[in-house]
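Structural description and commentary
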Number of protein chains: 2
Amino acid sequence: MREIGLKEIEDIALGAALLGAGGGGDPYIGKLVALGAVRECGPVKLLSPEEVADDALIAPIAMMGAPTILCEKGIGGTEYQTLYDTMSQFFGRKIDAFMPMEAGGVNSMLPIAAAARLGLPLVDVDGMGRAFPELQMVTFTMGGISATPMALTDEKGNNVIFRTITNKWTEELARAVTMSCGGSVSVSLYPMNGAQMKQYGVHGIVTKSEELGAAIRRIKECTEGTPEENFLKFTDGIFIFKGKISDVLRETRGAFNFGKVVLSGIQECRGKEAVVTFQNENLCAEVDGEILGTVPDLICLVDAETFTPVPTDALKYGKRVLVVGLPCYHSWRSEAGLELVGPKYFGIDTEYIPIEIRAAGAKNAGQEVQINV
Amino acid sequence: MREIGLKEIEDIALGAALLGAGGGGDPYIGKLVALGAVRECGPVKLLSPEEVADDALIAPIAMMGAPTILCEKGIGGTEYQTLYDTMSQFFGRKIDAFMPMEAGGVNSMLPIAAAARLGLPLVDVDGMGRAFPELQMVTFTMGGISATPMALTDEKGNNVIFRTITNKWTEELARAVTMSCGGSVSVSLYPMNGAQMKQYGVHGIVTKSEELGAAIRRIKECTEGTPEENFLKFTDGIFIFKGKISDVLRETRGAFNFGKVVLSGIQECRGKEAVVTFQNENLCAEVDGEILGTVPDLICLVDAETFTPVPTDALKYGKRVLVVGLPCYHSWRSEAGLELVGPKYFGIDTEYIPIEIRAAGAKNAGQEVQINV
């Protein structure tokens, strides 16, 4: 058990935004919500999964919808309480702890805010080890855990409980309600006991986010190596591309942000042009027509100077960014994992090849291009 | 208290289909469901509203969605039990009786089937005195009664509970889920106590449906007057038009059947052409460009020979029909009523004028047309 205070929140928000892989919401908005709650109600107890009793009732808390809408609509004051009450009423007992569903700028922060405001501990675990756009895309689905009962509430006070036959149906029905509520809502789903959380969750994700955030912040202080080298070293990142954003196509459809960003290579960059497609999160990175990385591996865009992550809703013409790959949580590379979140699920017509292999192969291809230029 | 058996169901289905004003679903499908349940589980106790205790818990049962889809998807076996369980669990007590939400071919029959299968009584009351397409369009909304908690279930086993800030929001969110579930679902909403039911409900609607059905069936036995005269006399109907269907435009959108039917006048008919527009239910009848009736009054199409009601999903080219107007339940003519279900709500750019006045005015207009021809 340790405490999450103001300093920890700064680091967790920064690191989680990187793990958000373009999605998970604006880290600035998320941070403000968590900082506000902790300033008002005091720090949050962070429990490691092992510290949680097997029969404890754990409820994840998250925002659902298009990140661009989330930033505009904001988060009201009573959603956590409503979700807590709904879940507690359903189970006829109180929730023992909250947990995040995914790592991301907003969705790592809301559970902290909820825990602070309701005086509950937070568990250092999530169901993705990154962010994904759809509800069923969690390790818990692979473990056969139901997403329902799921509680959904909007900032106006509408409140819905779902019980569905599959987690894909939860996504389907909750997405329809999210759209009708204006495109972004607060949810609690995958309520589970401590034993299930320990068996199927991605352990230590809050701590990992914090360490990543602290490392990114430390880059400026390093005296050895270039900042870029240090960023890749600290994050175990795989260099994919460095370029200037020359085009952004973004469409809000079905309570998702769909689109792609086009980058023109600069300086020492491998290749001339890169294209990164996204559905809330970045899905696929191509350099000069060759795929260098796909889901479920993380494709992260960070500011080329400050190394702060750039979520898909903050992509802007002219911004210089580094495209970096991070290997995903190991379970996602299993057959069951790839069925849920592999490239084919997202309509990308390619087999999944781990990013460390794709990027290595491309390094040579990239060098050839440079020779030709 | 009296019993609803097989014979009563036949008459109620026929009469309710007339009150469905084109909507409320296919009376044949509805009848089969109710007859099946009563054959298997025995007759249903029908209570008059006055026989219900003020503190009894009453739950309406209905299908929601596009009537055309409802006919194809059918109704599974476990929906009533699921709705009953969900509502009972929510209130922490058992439901004392079911009631219909509206009069219509299917929605008058399902509560009978549910009552038969679960051994509960049915109350002789509804919230419309006819059928309307949207959830908030009930007398209970005028009485300030909330549509929620509302339980929704599909034939696959998905199950949703709504609690919303207004009845219009219930419609909004439940409609979105209905669409995602394939366009038609089973619902229970406006749970209320006996006192509320008595104060705001349309009393005696099941009996009225039965009497109308029996009257339509008796037409053939009459020796005095033409069948058409007798139909109008028995139903207190206002003659609007008689014609052959020359065109049907139908579109399933937003889990509604939208469209219009065009009729060419035959024989003794007033006017040359009539157009009836609908959203599940018939909304407006025009003869030679003049509006002769609008919601909330009932515009009913019946077979010109047999006088069986023709719902909007059964409109077919070549069919000869009588268009008949019936005055709506008096509360719908109040300011609050017209705000909920008046012509303007449905995008019909006219003031509401009671159908008995419109049709009388048009009678003269119609005669003029005949002179010209």
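Residues numbered from 1 in each chain as written. Chains lettered and ligands numbered in written order. Predicted model: local features only at pLDDT ≥ 70, side-chain atom pairs only at ≥ 80, totals over all residues. Heavy atoms only, no water.

From N to C terminus, chain A includes 12 helices and 18 strands. For chain A, the C-alpha radius of gyration of 20 Å lies close to 21 Å, the compact-globule estimate for 373 residues. The buried share among the 373 residues of chain A stands at 61%. Of the roughly 14000 Å² of accessible surface on chain A, 51% is carried by carbon and sulfur atoms. Positive and negative side-chain charges in chain A, numbering 34 and 47 respectively, have mean positions lying 3 Å apart. (Helix = DSSP H or I, 4+ residues; strand = E, 2+ residues; numbered from the N terminus. Rg over C-alpha atoms; globule rule 2.2 N^0.38 Å. Buried < 20%, exposed > 50% of the residue type's maximum accessible area, 1.4 Å probe, protein only. Areas by Shrake-Rupley, 256 points an atom, 1.4 Å probe, with all protein chains shown as cover. Lys, Arg positive; Asp, Glu negative; His and termini not counted. Charge placed at Lys NZ, Arg CZ, Asp CG, Glu CD.)

What follows concerns the sheet that holds strand S13 (residues 256-265) of chain A. Residues and elements named next belong to chain A. Judged by pairing direction, the sheet is antiparallel, and its 7 strands sit side by side in the order S16-S15-S14-S13-S12-S18-S17 without closing on themselves. Either end of the sheet is taken by a strand with one partner, and the two such strands are strand S16 (290-294) and strand S17 (298-303). Taken pair by pair, the neighbouring strands of this sheet meet at an average axis angle of 35°, ignoring direction. For S17 and strand S18 (residues 320-326), the ladder comprises 6 bridges, and the chain directions are antiparallel. Of the residues in S18, the one forming a bridge with Asp 303 is Val 321. Relative to the sheet, helix H10 (residues 227-235) contacts strand S12 (238-253), S17 and S18, its axis offset from that of S18 by approximately 25°. (Pairing = 2+ DSSP bridges. Axes fitted to C-alpha atoms, helices over the stretch in contact; angles between N-to-C directions. Contact = heavy atoms within 4.5 Å.)

What follows covers the interface of chain A and chain B. Chain A puts 19 residues into the contact, and the matching count from chain B is 19 residues. Together chain A and chain B conceal approximately 1900 Å² of surface at their shared face, both sides included; 56% is due to carbon and sulfur atoms. If you sort the residues of chain A by the area they bury against chain B, A:Asn158, A:Ile161 and A:Arg163 come out on top, with a joint share of 30%. Along the contact surface separating chain A from chain B lie 0 salt bridges. On inspection of chain A and its partner chain B, the count reaches 5 residue pairs in polar contact (both at pLDDT 80 or more). Broken down by secondary-structure element, the contributors of at least two residues to the side of chain A that touches chain B are helix H4 (79-91), strand S8 (159-163) and helix H7 (167-180) of chain A. It is H7(A) that provides the largest number of residues to the side of chain A that touches chain B, a total of 6 residues. By residue class, the composition of the side of chain A that touches chain B is 9 nonpolar, 7 polar and 3 charged. Where S8(A) meets strand S8 (residues 159-163) of chain B, 5 bridges bridge the pair, whose relative direction is antiparallel. Residue pairing across strands places A:Phe162 opposite B:Val160, the latter belonging to S8(B). (Buried area = accessible area lost by both parts, 1.4 Å probe. Salt bridge = Lys/Arg side-chain N within 4 Å of Asp/Glu carboxyl O. Polar contact = N/O pair within 3.5 Å; in protein donor to acceptor, adjacent residues only side chain to side chain. Nonpolar A, V, L, I, M, F, W, Y, C, P; charged D, E, K, R; others polar.)

Below, the discussion takes up unusual backbone geometry. For the bond from A:Val295 to A:Pro296, the omega torsion is 0°, close enough to zero to count as cis. Positioned with a positive phi, A:Tyr190 is a non-glycine residue whose angle comes to about 50°. Structurally, the position occupied by A:Tyr190 is in the loop between strand S9 (184-188) and strand S10 (192-193). In this structure, B:Asp236 is a non-glycine residue whose phi angle is positive, near 55°. Its location among the elements puts B:Asp236 in the loop between helix H10 (227-235) and strand S12 (238-253). The exposure class assigned to B:Asp236 is exposed, which follows from its relative accessible area of 62%.

Here we take up the pairing of S12(A). Residue and element names in this part refer to chain A. Across 6 bridges, S12 lies against S18 in antiparallel orientation. When the sheet's bridge partners are listed, Phe 239 is paired in S18 with Val 324. Where S12 meets S13, 10 bridges bridge the pair, whose relative direction is antiparallel. The partner of Lys 244 across the bridge, within S13, is Ser 264. Joining the antiparallel neighbours S12 and S13 is a turn of 2 residues, in which Gly 254 adopts a positive phi near 60°.

The next thing to look at is the packing of aromatic side chains. Residues and elements named next belong to chain A. This structure, assessed with the given rule, holds 14 aromatic pairs over all chains. An angle of 70° between the planes, with centres 5.6 Å apart, marks the rings of Phe 90 and Phe 91 as edge-to-face. Sitting above the plane of the Phe 258 ring, Arg 253 keeps its charged end 4.3 Å from the centroid. (Phe/Tyr/Trp six-rings, centres within 6.5 Å; stacked < 30°, edge-to-face > 60°. Lys NZ or Arg CZ within 6 Å of the ring centre and 35° of its normal.)

This part is about H4(A). Residues and elements named next belong to chain A. Here H4 spans 18 Å end to end across 13 residues, near enough to the 18 Å set by a 1.5 Å rise per residue. For H4, the full list of buried residues reads Glu 79, Tyr 80, Leu 83, Tyr 84, Thr 86, Met 87 and Ser 88. Of the residues trailing H4, Gly 92 is marked for its positive phi of about 65°. (Expected span 1.5 Å × (residues − 1).)

Right, let's get into the sheet that holds strand S18 (residues 320-326) of chain B. Residue and element names in this part refer to chain B. Ordered in space as S16-S15-S14-S13-S12-S18-S17, the 7 strands form an open sheet in which the pairing is antiparallel. The open sheet has two free edges, formed respectively by strand S16 (290-294) and strand S17 (298-303), since each of these has just one partner strand. Neighbouring strand axes in the sheet, compared pairwise and without regard to direction, differ in orientation by 35° on average. Of the pairings in the sheet, the one linking strand S13 (residues 256-265) to strand S14 (residues 273-279) comprises 7 bridges and is antiparallel in character. In the sheet register, Ser 264 faces S14, and the bridge partner there is Glu 273. Running over the sheet, helix H1 (residues 6-19) touches S17 and S18 and is turned about 130° from S17.

Another aspect to go through is the pattern of salt bridges. Residue and element names in this part refer to chain A. In the structure shown here, the tally under the stated rule is 34 salt bridges over all chains. Note that Lys 156 and Glu 155 form a salt bridge whose closest N and O atoms lie 3.1 Å from each other. Counted as one network, the salt bridges with shared partners bring together Lys 7, Asp 11 and Arg 217.

Residue and element names in this part refer to chain A. Where strand S1 (residues 2-4) and strand S2 (residues 44-47) come together, 3 bridges link them in antiparallel fashion. Directly across from Arg 2, in S2, lies its bridge partner Leu 46. Pairing of S2 with strand S5 (residues 122-123) involves 2 bridges; the strand directions are parallel. Across the sheet, residue Leu 46 finds its bridge partner in S5, namely Leu 122.

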